[in-house]
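Close look at the chain arrangement
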Amino acid sequence: MDVLRTLGLRRTPQGERADTRQELNAAGGYAFVLDDVARLRRFLTLGVDGGTYYAAPRELARENAEVVGRMAHEDPETLVGTIVDVSVRGAAPRQNPALFALAYAASVPESAPLALAALPAVARTGTHLFLFAGYVEQFRGWGRGLRRAVAGWYTSKDADALAYQAVKYRQREGWSHRDLLRLAHPTTASPELRATFDWIVRGAVGDATPTLVEGFVAAQAATDTATWVDLVRRHRLSWEMLPDAALGEVAVWDALLDVGVPQTALMRQLPRLTRLGVLPDLGGRTDEVVAQLVDSDRLRSARVHPVSVLVAQRTYASGRSARGAGEWTPTRKVTDALDAAFYAAFGAVEPSGKRTLLAVDVSGSMGDTISGMPITAREASAALALVQLATEPAATAVGFTTGQGGGWYDSALRPLAISPRQRLDDALRVVDAMPMSGTDCALPMVWATEQGAEVDTFVVYTDNETWAGDVHPHQALAEYRRRSGIDARLVVVGMTATGFSIADPSDAGMLDVVGFDGAVPSLITEFARGL
Ligand code: CA
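The sections below set out a description of the structure shown in this document. Bear in mind the structure is a predicted one, so any value in this text is a computation, not a measurement. (Residues numbered from 1 in each chain as written. Predicted model: local features only at pLDDT ≥ 70, side-chain atom pairs only at ≥ 80, totals over all residues. Heavy atoms only, no water.)

1. Observations concerning helix 14 (residues 250-259)
For helix 14, the complete set of buried residues consists of Val252, Trp253, Ala255, Leu256, Leu257 and Val259. Buried-residue contacts for helix 14 involve helix 13 (225-235), helix 15 (263-275) and helix 16 (286-293). Backbone geometry just after helix 14 places glycine 260 at a positive phi near 110°. (Buried < 20%, exposed > 50% of the residue type's maximum accessible area, 1.4 Å probe, protein only. Helix = DSSP H or I, 4+ residues; strand = E, 2+ residues; numbered from the N terminus. Contact = heavy atoms within 4.5 Å.)

2. Some words on the packing of aromatic side chains
Across all of its chains, the model carries 13 aromatic pairs by this definition. On the numbers, 5.0 Å between centres and 70° between planes, the contact of tryptophan 153 with tyrosine 154 is edge-to-face. Tyrosine 154 carries the same exposure label as tryptophan 153, and that label is buried. Centroid distance tyrosine 154 to phenylalanine 197: 6.4 Å. Interplanar angle 80°. Geometry classified as edge-to-face. (Phe/Tyr/Trp six-rings, centres within 6.5 Å; stacked < 30°, edge-to-face > 60°.)

3. As for the side chain of threonine 331
Mapped onto the elements of the fold, threonine 331 is located in the loop between helix 18 (306-318) and helix 19 (332-344). Overall, the relative accessible area of 4% leaves threonine 331 in the buried class. A distance of 2.6 Å separates the side chain of threonine 331 from the backbone oxygen of leucine 279, its partner in a polar contact. (Polar contact = N/O pair within 3.5 Å; in protein donor to acceptor, adjacent residues only side chain to side chain.)

4. Some remarks on the environment of glutamine 22
Looking at the secondary structure, you find glutamine 22 in strand 1 (residues 22-24). C-alpha separation for the pair glutamine 22 and aspartate 504, spaced 482 residues apart in sequence, amounts to 9.3 Å. In this structure glutamine 22 touches Glu16, Arg17, Tyr30, Ala31, Phe32, His472 and His474, once residues within four positions along its chain are discounted. Here the side chain of glutamine 22 touches alanine 18 through a polar contact of 2.8 Å, landing on its backbone nitrogen.

5. Observations concerning the sheet that holds strand 1
Read across the sheet, three strands follow the order 1-2-10 without closing on themselves; strand pairing throughout is antiparallel. Where the open sheet ends on each side, the last strands, each with one partner, are strand 1 and strand 10 (500-501). Here strand 1 runs beside strand 2 (residues 30-33); their pairing, made up of three bridges, is antiparallel. For leucine 24, the partnering residue across the bridge sits in strand 2 and is tyrosine 30. (Pairing = 2+ DSSP bridges.)

6. Some remarks on the pattern of salt bridges
By the definition in use, this model includes 32 salt bridges. Arginine 482 is the partner of glutamate 479 in a salt bridge, and the nearest nitrogen-oxygen pair spans 2.7 Å. Taken together, the residues span about one helical turn, with glutamate 479 and arginine 482 both in helix 23 (residues 473-484) at a distance of three residues. Taking the relative accessible area as the measure of exposure, arginine 482 reaches 38% and is therefore partly exposed. (Salt bridge = Lys/Arg side-chain N within 4 Å of Asp/Glu carboxyl O.)

7. A word on the nonpolar core
Formed by 148 residues in total, the largest nonpolar core has its most connected members in Phe132 and Leu242. Ranked by residues supplied to this core, first place goes to helix 20 (residues 377-391) with nine residues. Leaving out residues up to four positions away in the same chain, leucine 242 has contacts with Ala219, Gln220, Trp228, Val232, Leu237, Leu247, Val252 and Leu256. Ranked by size, the runner-up nonpolar core spans 25 residues in total, among them Leu413, Phe458, Leu477 and Val492. (Core = buried A, V, L, I, M, F, W, Y, C linked by side-chain atoms within 4.5 Å.)

Listed below in structure tokens is the structure:
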């Protein structure tokens, strides 16, 4: 046998380097390395809670922090600009990574002025500010620049807006507004703002104190339903401003719904509202709550993240909370509304009309939960595939993992029997029931080549920890293009915050995107259209 016949650039086992830009991934295969900006986007969007199948959370956090540190020195404009973009667009389900990165950037001389100037844009609520304060102490002390930036957060608001923040988000992570005001010492010419500071720091109420503060103080002191109801209506109090005892009263919730419960709060309170009998199958407040849940304008303006809706849908449909605190009988209309809200949260996605193969990596590592949320990478992938299925008339979905019977290298690519006509929780159960084994991200392209299938766009949802194939995914795509004559494109949807991608960064027909970003379905169809 001629050993020279075994080497080449068109077909390389995944355990060997096929390109000098590839490095060994955690699973023992070679994959392309993301640049810092792409890695940052993954970190900001996907977070590191829960780690990955291969990396402990702390290890994954350290790797990503290194990227932030490097960019803070080398390219502070792009770092801070990306943090602001991901945060303001609502691209991520949680703000912690953005606030962490901003806090880190606020400690590096090259990036500190930009980072501190961006504080009000990224820390939009009191809770965000408290998270930032906790993170920033991990990197620096309370020097003048930081104190001035925090003072600016308080003085740039009018008194009513600050009072709202002060009574709604009172403390978090060991931080309160009193702590921050004592550190930052803001000064202001506005009597109302000064009175609000006085109330926060000393509990002093005077003529200039915003009336919302008075309403809050009265609600905390009250013990009867009629008073709470009156205060909610008069001061437009939100549920966070009421004592726990008030939140067990139907009349209080009727008042809260009358003055308006914001979108995210409403989603979280659905189990409680159902338990209290506010959302029966017929009558009650069900129809108006359902109408609000599916209102796409409200979803967009409240920056409701689709993955948050997905988690809410599954939790609500299951009839019990993830922490085991309480049970309820789900109201069908509400479950269905959350289902519709999930699709609506992505906004309008214009179909590409292309023949699209949606390929979900269902291998073992995709069974890990992601981003500290009660959902696995393969469930989230299936949900994203459903959005594409709902949009794209000529799309079909498959799940892939290596075969179990005849060894790791057997291909196992199966139709994914999910449909947007199914309920989300039912569709995810289908994915959960599929067998899991090793990872070969080339399978979708190899399969299409073998079958002579006509595919314009391959969309692969994966953690990029591919290792088990005898050809690299980008080589398999090149082979498919050659054999089919179709200039097929590949979109890689990354589901964990690792630094690898199966997409060749120098091939304009391949695109790497971040799985949780709500803009992904639109990005995929635009790329498929050649934009
Ligand atoms: Ca895997």
